[in-house]
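# Close look at the chain arrangement
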Amino acid sequence: MENHQVQIKKTGKMEMGMQNREKIGSKRKLQQIYDIGYFEINRNLKKTLILMIISTVMFILFVIGEEYRLGKGAELPEEPADFALRFIMMIGSLVLISATSYGGSIIVVDFEKLTGNILFPKISRERLFVGRFLANYLMNAFVILFYYILVAFIVFIKYTGIPKILWTSLGWALLYVLLILSFTILFSSFMKSTAGAVVFSLALNMIAFSIIQSILSLISSIEPLFSLPYYATIITGCFNMPEGDRFQTIPIIEGFEMTLWITPSPQGALIGTAILSFVFLLSAYLIFRNRQNK
């Protein structure tokens, strides 16, 4: 009986020890991810500052344009949402520039500079990937949030109020950041240089997807949910979301027409962005995990 009780106590101590080790291991993993993220944010402070300057210049140019219009006799829109919309018409381009800037070096930098895990020799590639991704997404999101705050400021000055739809648009912009950042990270996982990852990502988003989408619009009425730039349209499309069809049919020549999709539905944008981002990130991680330094 005594031996049985002793065995139970030993078993209980072993279980408690295992639980404590698991807790310590989990805390260590989180601390390592935090350290990587903190290092990544500090490493990219200059880049973040430059992107904030670009955002500010972009905003100032829009303000100058609006003031010029008002000076020529144009009137302010009755609705503050319509005024805010004028400032975010190019937000998709800002997201594209910032997301490719951050995502282009996340993985390839280790192979481009042959550093491997020198900076974090005892940290797995999984934690490196998670820490870098989270840090770069947060920095990218901050740049976009900064621009929206500027827009909210000018709208508040003009109308003494901020339309709620502006924050809805911000939500879609941050979701689009996730999509473009994930796509760029995928290129960063197998390209030989940061410049290559950035250039290819920009080229596909600015040229290739648009060409494919245009060809598809001539031969089919299928919604282009495969096209990354298409998801950017909901950032501004949410201001005036169509109640009926979200596409327009334009006659080209007799018996031949083009189908132009205006914006994805909120459900389609959410699901499509989530699925594509997951696929891009998972693929990037698997390539990164198995990629070897040359």
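Since this is a predicted model, take the numbers as computed values, not measurements.

### A closer look at the overall build of the protein
What the protein contains, in helices and strands, is ten helices and two strands. Counting helices and strands in the order they occur from the N terminus, the protein gives α-α-α-α-α-α-α-α-α-β-β-α. Among the 294 residues that make up the protein, the fraction classed as buried is 43%. Within the protein, residue pairs in contact and separated by at least 24 positions form 78% of the contacts whose partners lie at least 6 positions apart. For the protein, the exposed surface amounts to about 16,800 Å²; the carbon and sulfur share of it is 67%.

### Details of helix 10 (residues 266-290)
With 25 residues, helix 10 should cover 36 Å at 1.5 Å per step; its first-to-last C-alpha distance of 36 Å lies within 8% of that length. Residues of helix 10 that are buried include every one of Ala-269, Gly-272, Thr-273, Ser-277, Phe-280, Leu-281, Ala-284, Tyr-285 and Phe-288, and no others.

### Considering the confidence of the model for the protein
Averaged over all residues, the pLDDT of the protein is 87; the fraction at 70 or higher stands at 87%. Of all helices and strands in the protein, the one with the weakest mean pLDDT is helix 1 (residues 2-43) (69), whereas helix 7 (residues 164-190) scores best (96).

### Some words on a nonpolar patch on the surface
A cluster of nonpolar side chains, contributed by Met-206, Ile-207, Ile-211, Ile-215, Leu-218, Ile-219, Ile-250, Ile-252, Ile-253, Phe-256 and Leu-260, occupies part of the molecular surface with about 1,000 Å² of accessible area. Among the secondary structure elements, those contributing two or more residues to the nonpolar patch are helix 8 (194-219), strand 1 (247-253) and strand 2 (256-261). At six residues, helix 8 tops the list of elements feeding residues into the nonpolar patch. Looking at the secondary structure, you find Ile-207 in helix 8.

### Description of the pattern of salt bridges
Evaluation of the coordinates by the stated rule reveals five salt bridges. With a shortest N-O distance of 2.6 Å, Glu-40 and Arg-43 are connected by a salt bridge. With Glu-40 and Arg-43 both in helix 1, this residue pair falls three residues apart, about one helical turn. The closest approach of N and O atoms between Arg-246 and Glu-223, which form a salt bridge, is 2.9 Å. Within this pair, whereas Arg-246 is found in the loop between helix 9 (228-237) and strand 1, its partner Glu-223 is found in the loop between helix 8 and helix 9, the two being separated by 23 residues in sequence. We note that Arg-246, like Glu-223, is buried. A single network of salt bridges, built from pairs that share partners, joins Glu-66, Arg-69 and Arg-86.

### Focus on the side chain of Ser-188
Counting through the fold element by element, Ser-188 comes out in helix 7. From its side chain, Ser-188 meets the backbone nitrogen of Val-108 in a polar contact 2.9 Å long. Apart from residues no more than four positions distant in its own chain, Ser-188 is found in contact with Gly-103, Gly-104, Ser-105, Ile-106, Ile-107, Val-108, Ala-197 and Arg-291.

### Section: the nonpolar core
By size, the foremost hydrophobic cluster in this structure holds 66 residues, and its most contacted members are Ile-91, Ile-144, Tyr-147, Tyr-148, Val-151 and Ile-185. Sorting the residues of this core by element identifies helix 2 (45-71), helix 3 (80-87), helix 4 (91-103), helix 6 (125-159), helix 7, helix 8, helix 9 and helix 10 as the ones contributing at least two each. Non-local contacts of Ile-185, meaning those with residues more than four positions away in its chain, are made with Gly-103, Ile-106, Ile-107, Phe-129, Phe-133, Leu-281 and Ala-284.

### Observations regarding the packing of helix 7 against helix 10
With their axes 8 Å apart at the nearest point, helix 7 and helix 10 run at an angle of 25 degrees to one another. Between helix 7 and helix 10, the interaxial angle falls into the category roughly parallel. Considering how the two elements wind past one another, helix 7 and helix 10 form a crossing that is left-handed. Contacts from Trp-172, Leu-175, Leu-178, Leu-179, Ser-182, Phe-183, Ile-185, Leu-186, Ser-189 and Phe-190 of helix 7 reach helix 10 at Pro-266, Ala-269, Leu-270, Thr-273, Leu-276, Ser-277, Phe-280, Leu-281, Ser-283, Ala-284, Ile-287 and Phe-288. Taken together, the residues of the contact of helix 7 with helix 10 break down into 17 nonpolar, five polar and no charged.

### Focus on the environment of Gly-161
Looking at the secondary structure, you find Gly-161 in the loop between helix 6 and helix 7. What makes Gly-161 partly exposed here is its relative accessible area of 22%. Discounting residues that sit within four places of it in the chain, Gly-161 has contacts with Val-155 and Phe-156.

### Let's talk about the packing of aromatic side chains
Throughout the structure, instances matching the rule amount to 14 aromatic pairs. Counting every residue linked through ring pairs, the aromatic cluster contains Phe-59, Phe-62, Phe-83, Phe-87, Tyr-147 and Tyr-159. Seen from the ring of Phe-288, Arg-125 lies directly overhead, with NZ or CZ sitting 5.2 Å from the centre.

### Considerations on the environment of Ala-208
Tracing the backbone shows Ala-208 in helix 8. Put simply, Ala-208 and Ser-227 are 19 residues apart on the chain and 9.4 Å apart in space, counted from C-alpha to C-alpha.

Rules and cut-offs
- Residues numbered from 1 in each chain as written.
- Predicted model: local features only at pLDDT ≥ 70, side-chain atom pairs only at ≥ 80, totals over all residues.
- Heavy atoms only, no water.
- Helix = DSSP H or I, 4+ residues; strand = E, 2+ residues; numbered from the N terminus.
- Buried < 20%, exposed > 50% of the residue type's maximum accessible area, 1.4 Å probe, protein only.
- Contact = heavy atoms within 4.5 Å.
- Areas by Shrake-Rupley, 256 points an atom, 1.4 Å probe, with all protein chains shown as cover.
- Expected span 1.5 Å × (residues − 1).
- pLDDT = per-residue confidence, 0-100.
- Patch = residues over 30% accessible without salt bridge, like charges linked within 9 Å, V, L, I, M, F, W, Y side chains within 5 Å.
- Salt bridge = Lys/Arg side-chain N within 4 Å of Asp/Glu carboxyl O.
- Polar contact = N/O pair within 3.5 Å; in protein donor to acceptor, adjacent residues only side chain to side chain.
- Core = buried A, V, L, I, M, F, W, Y, C linked by side-chain atoms within 4.5 Å.
- Axes fitted to C-alpha atoms, helices over the stretch in contact; angles between N-to-C directions.
- Parallel < 35°, antiparallel > 145°, perpendicular 65-115°, else oblique.
- Left-handed = near helix turned anticlockwise from the far one by under 90°.
- Nonpolar A, V, L, I, M, F, W, Y, C, P; charged D, E, K, R; others polar.
- Phe/Tyr/Trp six-rings, centres within 6.5 Å; stacked < 30°, edge-to-face > 60°.
- Lys NZ or Arg CZ within 6 Å of the ring centre and 35° of its normal.

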